[in-house]
Amino acid sequence: MLRKLFILPIRFYQVAISPILAPRCRFDPTCSHYAVGAIQEWGVLKGTWLAVKRIGRCHPWGGFGPDPVPKKGE
């Protein structure tokens, strides 16, 4: 239930705001998809932390390309 509450604003962004913006994500999956996957895999606290760290890497000198959500046990 708490996970869904945290994912809801991200889904709103994906449906209502993201289509208006030009595609510019450096990573695959996009940061919003990464955030949803991280919260689903790790829960609200750690998933949000992973998403914040990922967004922090999104700058001109950061990385790019594939960057999947780490799976539990890896």
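Residues numbered from 1 in each chain as written. Predicted model: local features only at pLDDT ≥ 70, side-chain atom pairs only at ≥ 80, totals over all residues. Heavy atoms only, no water.

Enquirer: Explain the side chain of R54 to me, please; I cannot follow it from the model alone.
Expert: Here R54 is to be found in helix 3 (residues 44-56). The exposure class assigned to R54 is buried, which follows from its relative accessible area of 0%. A polar atom in the side chain of R54 sits 2.4 Å from the backbone oxygen of P29. Setting aside anything within four residues of it in sequence, one finds R54 in contact with F27, D28, P29, T30, C31, Y34 and D67. (Helix = DSSP H or I, 4+ residues; strand = E, 2+ residues; numbered from the N terminus. Buried < 20%, exposed > 50% of the residue type's maximum accessible area, 1.4 Å probe, protein only. Polar contact = N/O pair within 3.5 Å; in protein donor to acceptor, adjacent residues only side chain to side chain. Contact = heavy atoms within 4.5 Å.)

Enquirer: Please clarify how helix 3 should be interpreted in this entry.
Expert: Given 3.6 residues to a turn, an α-helix orients residues that are three or four positions apart in the same direction. In this model, helix 3 (13 residues) spans 18 Å end to end at C-alpha, consistent with the 18 Å of a helix rising 1.5 Å per residue. When we look at burial in helix 3, the residues that qualify are V44, G47, L50, A51 and R54. The buried residues of helix 3 occupy an angular sector of 135 degrees when projected down its axis, which confines them to one face. Of the exposed residues in helix 3, those oriented more than 90 degrees away from the buried face are L45 and W49. Packed against the buried residues of helix 3 are helix 1 (2-17), strand 1 (27-28) and helix 2 (31-42). (Expected span 1.5 Å × (residues − 1). Arc of directions from axis to C-beta.)

Enquirer: Please explain the packing of helix 1 against helix 2 as it appears in this structure.
Expert: Angle between the axes and distance between the axes: these two values describe a pair of packed helices. As a packed pair, helix 1 and helix 2 sit with axes 10 Å apart at the nearest point and diverge in direction by 165 degrees. As judged from the angle between their axes, helix 1 and helix 2 are roughly antiparallel. The two elements helix 1 and helix 2 cross, and the hand of that crossing is left-handed. Where helix 1 abuts helix 2, its residues R3, F6, I7, I10, R11, Y13 and Q14 lie against S32, H33, A35, V36, I39, Q40 and W42. Considered class by class, the residues forming the contact of helix 1 with helix 2 number eight nonpolar, four polar and two charged. (Axes fitted to C-alpha atoms, helices over the stretch in contact; angles between N-to-C directions. Parallel < 35°, antiparallel > 145°, perpendicular 65-115°, else oblique. Left-handed = near helix turned anticlockwise from the far one by under 90°. Nonpolar A, V, L, I, M, F, W, Y, C, P; charged D, E, K, R; others polar.)

Enquirer: Which parts of the structure should I look at to understand the nonpolar core?
Expert: In globular proteins that are soluble, nonpolar side chains generally tend to be buried together. Listed in full, the six residues of the largest apolar core are I7, I10, A35, V36, I39 and A51. Among the elements of the structure, helix 1 and helix 2 are those that each provide at least two residues to this core. Ignoring sequence-local partners within four residues, the contact set of I10 consists of S32, A35, V36 and I39. (Core = buried A, V, L, I, M, F, W, Y, C linked by side-chain atoms within 4.5 Å.)

Enquirer: Help me understand the pattern of salt bridges in this model?
Expert: When charged atoms on two side chains of opposite charge get close, those side chains can pair. Counted under the stated rule, the structure contains two salt bridges. Two residues, D67 and R57, come together in a salt bridge whose shortest N-O distance is 2.3 Å. On the criterion of sequence distance, the pair formed by D67 in the segment after strand 2 (65-66) and R57 in the loop between helix 3 and strand 2 is long-range, its members being 10 residues apart. Within this structure, R54, R57 and D67 form a network of salt bridges that share partners. (Salt bridge = Lys/Arg side-chain N within 4 Å of Asp/Glu carboxyl O.)

By themselves, these observations are geometric and do not establish any function.
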